[in-house]
Each structure stands twice: as structure tokens, then as C-alpha cells.
Amino acid sequence: MMEQLLDIENLWVKFPTRQGIFDAVRGVSFTLGRERLGIVGESGSGKSMTGRAILRLIRPPGIVEADYIKLEGTNLLDKTEKEMRAVRGQQISMVMQDPKFSLNPVMTIGNQIIEAYRLHSKASKSEAYAKSLEMLEAVSIRNPKRVMRAYPHEMSGGMGQRIMIAMMLIPNPKILIADEPTSALDVSVQRQVLDIMDRLVNERGMGLIFISHDLNLVADFCDRVLIMYAGRIVEVCQADRLHEAQHPYTRGLLNSLPRFDAPKPRLEVLQRDPAWSEAPSVSGRT
Amino acid sequence: MTMLDVKSLNVWFGTGRDRVDAVKGANFTVGQGESFGLVGESGSGKSTILRAITSLAPNWSGIIQVDGTPVVSPRPKAFFKTVQMVFQDPYASLHPRHSVDQVLGETLHLHGFREIDARVVKLLDDVGLGQKFRFRYPHQLSGGQRQRVAIARALAPEPKLLLLDEPTSALDVSVQAEILNLLADLRQEHNLTYLMVSHDLSVVGHMCDQLAVMKDGEIVEIMSVAALRKMEATHPYSQHLLHASV
Ligand SMILES: Nc1ncnc2c1ncn2[C@@H]1O[C@H](COP(=O)(O)OP(=O)(O)OP(=O)(O)O)[C@@H](O)[C@H]1O
Ligand SMILES: Nc1ncnc2c1ncn2[C@@H]1O[C@H](COP(=O)(O)OP(=O)(O)OP(=O)(O)O)[C@@H](O)[C@H]1O
Ligand SMILES: [Mg+2]
Ligand SMILES: [Mg+2]
């Protein structure tokens, strides 16, 4: 059995709404080792809420419930909010789906990276500056000096994503939860960002939760995949066998991809079956 | 008939050492009813071209003609009845305190439509959201659901030219298929013209007739999708994109 970094049992995320309680995540269980775990699924299936719930970042009135969420054996649900703040960033980092939203709009990119870096190391200002430049270069930012002086709104979509990734890697976390981290990147830059994450998993033994709607990418990059539908896991498979997935929902997702080498006038759309959301959640434990 | 004509377009930001020449000498035309793709490196100036057309980038030179008329600053209201844009970032583009109903209702009202109620219902159905989302606020929506609201808002004034900045990159593949089919249907029904940015060649291949490849502020190649499919790209960066996509 693989050494488990994270062990989650029966996770629920609930939102009170006008029409009653809405269950965004419904009893999900899975483990994460020193591996690249993909979470795929259609929009609204609960991928982001699962990631945020681990860090207890669900905004009220939303509620997180679980039998436990264990980080190396300690239940995160027992921690105080203050203790959780130490977990966030130090031990578990998350790259949010909305990169620009997570950056401070009135502070230069450079000051934000430097501040984040000095929070985690005793580096001098000039060391931190040099390190920050290095990190921007690592995520293929051209002219990093200009970017250090710039504000978030002056960045393109993909640059914002890469800056967030650079910042999340600073504290050398045990676990990185990356929510759609490369959705705005062209293939060449995407490859470089994936290589960075790959090295962290292979060389430093980090655990990676990679949330994405790009099935080909996940099949290619991850070790294991959880497929979510309506707040539950409907199928779990080895990433390199994703294309052989059995569940009609997963098949539907695979078939709705446009293919450059095989054009067709209309794309297939998913025909949803109510039975998919009734079936109990599949366990994502190893 | 040419719907969009862009000639010698330069767009820059900042001054001195912070000056960025985001777009350098871009030339392309999009015929009425066509769908034109812009692909290329992250940071190469794709969004900036779209922003210059809608006057969201203040410093530019060159010629931009829409439907035969050169654009003027500030753009008159009628311009936005003709041209609408869907932004890359579905999080930033919706007002946090406006419900879906308000966003769509106000846009319709602004452009002088009647029977607003029925139109809001129709728009939500068109983008596959349905009525249960009508009174939600942006923070109560997932990323993909927000993008569909943004598309519904852009469709509301029944524009002729839609500028689509990565319209489906925040969407899962099943919603992407629905939205791309929807955009294809709308183009046919209303003879719409699209200028579409995407980093995904399969999406551009599916949606567009022609495409321009950008790198570092410049259009390095313009070709038909048919030629691209026959692997006839000549610029090394286009070839690189192509090889990484098949
Ligand atoms: N504050 C809230 N109140 C009510 N429902 C909410 C709230 N926040 C999120 N939801 C709902 O929870 C569900 C799961 O959302 P989540 O953000 O996890 O989706 P996702 O799988 O990440 O989708 P996407 O791929 O579009 O980002 C969605 O249906 C969303 O509308
Ligand atoms: N308001 C601004 N102020 C300063 N620089 C800007 C501004 N907006 C964009 N830029 C710069 O212009 C260049 C092109 O940005 P643009 O957003 O057009 O890229 P893009 O091709 O859309 O990239 P992506 O695929 O990552 O979204 C980038 O270097 C960016 O930093
Ligand atoms: Mg999400
Ligand atoms: Mg862009």
C-alpha cells in the first residue's frame, strides 16, 4: 500500500439555498499518496468544492461535513481556524481556479511574490527578489523584471495562472491542489508548467490533486483519476486507461471532445441518465 | 462583404522601461458570416486585439473597421448592439452583486428590447442553464456556469459580430460541446461573424474557417483550417502547435 498523505472519508459540502439544502459534494471518499491524482467531471460536479473543502475554505453559509479529513494521520476537522491557517500554504497549497481573483489587485506582482517568499524563509530582500525572478522564469514568463513591477490586471490570462503557480510552490508544500491550473495555457507553456509539477511529485514526493476538465491532459499526466458527477465519484481508474473507461458518463465526456484529426460537423453532447446521480459514490481509496 | 477589417494594428501599454508592445502590425480581415480563429502563445497579444476592437485598450494605432465603418472613440451604443465580447475570465466579467436575472434583464433593457421576461427565459435555455439559475448570484455558480451566463449576456443584444476570448476554456468538455454546437447554430441562424481566441487547436479547427497564429505580439501566419489540417503550416511556431495537438 502506498504511503497516504491525505485520507478523506464521507465528505459532504452543503449549501442552504431558497429551494432547500443543495448538496454540492455527496459522501466522497478517497486517499492521496505521493502521486498525481486527477479529478475530472463536468461543470458543477463538485470538483472545486472538494478541493476547497479539504482546506476548509468553503465560505459560510456553506457547510463541510466528513467522518474525517486526515493529513498524515491528523484530522483537519479537529483543528482550530488558527491551526488551519498554518496548514494552508505551509503544508497544503491550492492554486485556485480564478487566478486573478486570488492576487491582490493593488499590489505589484513582485511585492506579492517577495512577501510570500519571505513569509517562509529568512531570506533578505535582495535574495527574495532574485528568487522571485527565478520562479517567474521557471514558469516561462518573458521579461520577468517588467512583470515584477506590474499589477495583476496587466497580466494576460495565462500569465496570471503561471504567477499563481509560481507563488504556490514557494512554501514547498506536501500537497498541492491545483484547480484548472493550465486551462488558459497554450500547449508549449502548459508542458513547462506540468514539468514543474511533475518534478515536485517525483523529486520531493509531493502529492498532487490535479483538477481539470481536459481529459486528454489528465490521461497523459496523472497516475489515477476520479471521475465526478453530481457531487459523487462515479468511476475511478488508472489515468493511462482513462480512454477505456466504462461508465457511460465518462464515455460521454470522452466522446464530446472535438478532435483536430477527425473533424465532424456536430459534437456529441452528453445524454444524462438520472440513475447516475442515484448510484452511491465509488471509493477512491487505494 | 467584410465584417471586420484590421490593418497595421499596433497596441501598447505603459511607457519607458515598462512599455509593452502587445500587438505589432497586425493585419487580418473577417468576412461576414465567417468564423476566424486567433491562436498562439500565452501573452502573445490575442486578448489585446479583441480589447482594442471594443476600446478597452487605450493606446493603439492603425485601422479597425467594423461592418464597413471605421471605429470611433468613445464607441457609440449602437456599436455594442453590433459587437459583443465574451471575456476570457468568467470570474471578473460578472458583477458580484447582480443576479443572473439582473445581468440579462438590464442588458436587454439597455438595448431597447421588450418582453424581457420571456427573453431572459429563452437566453438561459439557449445556453443550457435553465430557470433554476435565474436568481442566483455569481458566487453561487461554478466556473462553467458563470461562463454560460457571460455568453447569454453577449447574445442578448443579438449582435452581428461576436468576439470570443477563450469562450470554452473554463468549461468541461460536455458543456464545451454544447456551447460550440450552440455557437455554430447561432452563427447559421443569424448569419453571425465570430472572432475567436483559443489555445486549443481542436476547438479552432472545429469552429473556424481561417486562423491567425500569434507569437510575441505578431501574427506570424494566417491560413485556412483546411491547410492546417493538411499540415501545411510554415512558421516553426505553428508547426510546433500543430505537432503538440495531434
Ligand atoms: N454558495 C453557493 N450556493 C449554492 N450553490 C453553490 C455555491 N457555491 C457553489 N455551488 C454549487 O455547487 C456545485 C459544485 O460547484 P463546483 O465549483 O465544485 O463545481 P466544479 O465541478 O468545480 O465546476 P467547474 O468545472 O465549472 O468549475 C455547483 O452546482 C455550484 O452551482
Ligand atoms: N492593461 C495592461 N497593462 C500593461 N500590460 C498589459 C495590459 N494588458 C495586457 N498587457 C500585456 O500585453 C501582453 C499581451 O497580453 P494579452 O492579454 O493580449 O495576451 P494573450 O495572448 O491573450 O495571452 P493568454 O493566452 O495568456 O491570455 C502581455 O505581455 C501583457 O502583460
Ligand atoms: Mg471548478
Ligand atoms: Mg488572453
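As the structure is a prediction and not an experimental result, all values here were calculated from the model. (Residues numbered from 1 in each chain as written. Chains lettered and ligands numbered in written order. Predicted model: local features only at pLDDT ≥ 70, side-chain atom pairs only at ≥ 80, totals over all residues.)

### Digging into the overall build of chain A
Put simply, the rule is: Secondary structure elements are taken from DSSP: a helix is a run of H or I of four residues or more, a strand is a run of E of two residues or more, and numbering for both begins at the N terminus. Here the radius of gyration uses the C-alpha set of atoms, whereas the globule reference equals 2.2 Å times the residue count to the power 0.38. Put simply, a residue is buried when 20 or more other C-beta atoms lie within 10 Å of its own C-beta and exposed when 12 or fewer do; between those, it is partly exposed, and each C-beta is set from the backbone.
A tally of helices and strands in chain A yields 11 helices and 11 strands. Computed over the C-alpha atoms, the radius of gyration of chain A is 19 Å, within 12% of the 19 Å expected from 2.2 N^0.38 for a compact globule of 286 residues. When the backbone C-alpha atoms are referred to their principal axes, chain A occupies close to 60 × 50 × 45 Å. Here chain A, with 286 residues, has 47% of them falling under the buried criterion.

### A short note on the site of ligand 2
Let me state the cut-off plainly: In this entry, near means the residue's backbone-placed C-beta atom lies within 6 Å of the molecule or strand. Any residue that is not Ala, Val, Leu, Ile, Met, Phe, Trp, Tyr, Cys, Pro, Asp, Glu, Lys or Arg is counted as polar, Gly included; the first ten are nonpolar and the last four charged.
As a structural note, the neighbourhood of ligand 2 is formed by 21 residues, with S156, G157 and G158 of chain A together with S47 and T48 of chain B the closest of them. Near ligand 2, residues from chains A and B are present, making the site a shared one. At the level of secondary structure, the elements contributing two or more residues to the shell around ligand 2 comprise α7 (157–169) of chain A together with β2 (20–31) and α1 (46–53) of chain B. Its residues assigned to classes, the shell around ligand 2 shows six nonpolar, 13 polar and two charged.

### Describing helix α5 (residues 125–138) of chain A
Residues and elements named next belong to chain A. Test applied: Each helix should span, by expectation, one fewer than its residue count multiplied by 1.5 Å. By construction, the arc corresponds to the directions joining the helix axis to the C-beta atoms. In this description, any two residues whose backbone-derived C-beta atoms lie within 7 Å of each other are considered to be in contact.
Counted at 1.5 Å a residue, the expected span for α5 with its 14 residues is 20 Å, and the 20 Å between its end C-alpha atoms agrees. Among the residues of α5, A128, S132, M135 and L136 are the ones counted as buried. Taken end-on, α5 shows its buried residues confined to a sector of 100 degrees, consistent with a single buried face. Seen from the open side of α5, the exposed residues pointing more than 90 degrees away from its buried face are S126, A130, E134 and E137. Contact partners of the buried residues in α5: α4 (109–120), α6 (144–149) and α7. Following α5 by one or two positions, S140 has its phi on the positive side, about 60 degrees.

### Observations concerning the sheet that holds strand β4 (residues 60–66) of chain B
The strands making up a sheet associate through backbone hydrogen bonding, with each pair oriented either parallel or antiparallel. Residue and element names in this part refer to chain B. Stated precisely, the cut-off is as follows: Any two strands with at least two DSSP-identified bridges between them are counted as paired. Angular values range over 0 to 180 degrees, each being the angle between N-to-C directions of two axes fitted as lines to C-alpha atoms, with helices fitted over their stretch in contact.
In space, the four strands of this open sheet follow the order β2-β1-β4-β5, with antiparallel pairing throughout. Single-partner strands in this sheet number two, and they are β2 and β5 (69–70). In this sheet, β2 lies alongside strand β1 (residues 2–13) in antiparallel orientation, the contact comprising eight bridges. The residue bridging V11 from the neighbouring strand is V23, located in β2. Across the sheet, α1 touches β1, β2 and β4, and the angle it forms with β2 is around 70 degrees.

### Regarding the sheet that holds strand β7 (residues 92–95) of chain A
Residue and element names in this part refer to chain A. Pairing within the open sheet is mixed, and its six strands lie in the order β7-β8-β9-β3-β10-β11. Where the open sheet ends on each side, the last strands, each with one partner, are β7 and β11 (232–238). Adjacent strand axes in the sheet meet at a mean angle of 15 degrees, parallel and antiparallel pairs treated alike. Sheet topology note: the strand β10 (residues 224–229)/β11 ladder contains six bridges and is antiparallel. Its bridge partner lying in β11, M228 is registered against I233.

### Quick look at the interface of chain B and chain A
Chain B puts 39 residues into the contact, and the matching count from chain A is 40 residues. Listed by contribution, the elements that provide at least two residues to the side of chain B that touches chain A are α5 (143–155), α6 (173–190), α7 (201–207) and α9 (236–245) of chain B. Ranked by residue count, the leading element in the side of chain B that touches chain A is α6 of chain B, at seven residues. In the side of chain B that touches chain A, the residues fall into 15 nonpolar, 18 polar and six charged.

### Some remarks on the site of ligand 1
The immediate surroundings of ligand 1 are formed by 23 residues, with A24, S43 and S48 of chain A together with S142 and G144 of chain B found nearest. Each of chains A and B places residues next to ligand 1. Mapped by element, the contributors of at least two residues to the shell around ligand 1 are β1 (6–17), β2 (20–32) and α1 (47–54) of chain A together with α5 of chain B. Within the shell around ligand 1, the residues separate by chemical class into five nonpolar, 16 polar and two charged.

### Some points on the environment of Y229 of chain A
Residue and element names in this part refer to chain A. Here Y229 lies in strand β10. Judged by C-beta crowding, with 25 C-beta atoms within 10 Å, Y229 ranks as buried. Note: C-alpha distance between Y229 and I63 (166 residues apart in sequence) is 20 Å. Residues in contact with Y229, not counting those within four places in the same chain, are G41, E42, S45, V234, Y249, W276 and S277.

### Here's the deal with the domain arrangement of chain A
All names here are of chain A. As a reminder of what qualifies: These domain boundaries are the output of an automatic or database domain assignment.
On domain assignment, one finds that chain A holds domain 1 (1–91 + 174–286) and domain 2 (101–172). Averaged C-alpha coordinates put domain 1 and domain 2 at centres separated by 26 Å. Elements represented by at least two residues in the side of domain 1 that touches domain 2 include exactly α2 (81–90) and α8 (187–204). Counting residues per element, the side of domain 1 that touches domain 2 draws most heavily on α8, at six residues. Here the residues of the side of domain 1 that touches domain 2 sort into eight nonpolar, four polar and one charged.

### Quick look at the pairing of strand β9 (residues 207–211) of chain A
Residue and element names in this part refer to chain A. Rules: For the handedness criterion, the strands are oriented away from the viewer, and a crossover whose path from the first strand over the helix to the second runs clockwise is classed as right-handed.
Within β9, five of the five residues are buried, which leaves the element mostly enclosed by the surrounding structure. A two-sided burial pattern is seen for β9, the buried positions comprising G207, I209 and I211 on one face and L208 and F210 on the other. When strand β3 (residues 36–41) meets β9, the two strands line up parallel, connected through four bridges. What sits directly across from L37, in β9, is I209. As paired strands, strand β8 (residues 175–179) and β9 are joined by five bridges and run parallel to one another. Bridge assignment links I177 to a residue of β9, and that residue is I209. Considered for its hand, the β-α-β crossover made up of β8, α8 and β9 is right-handed.

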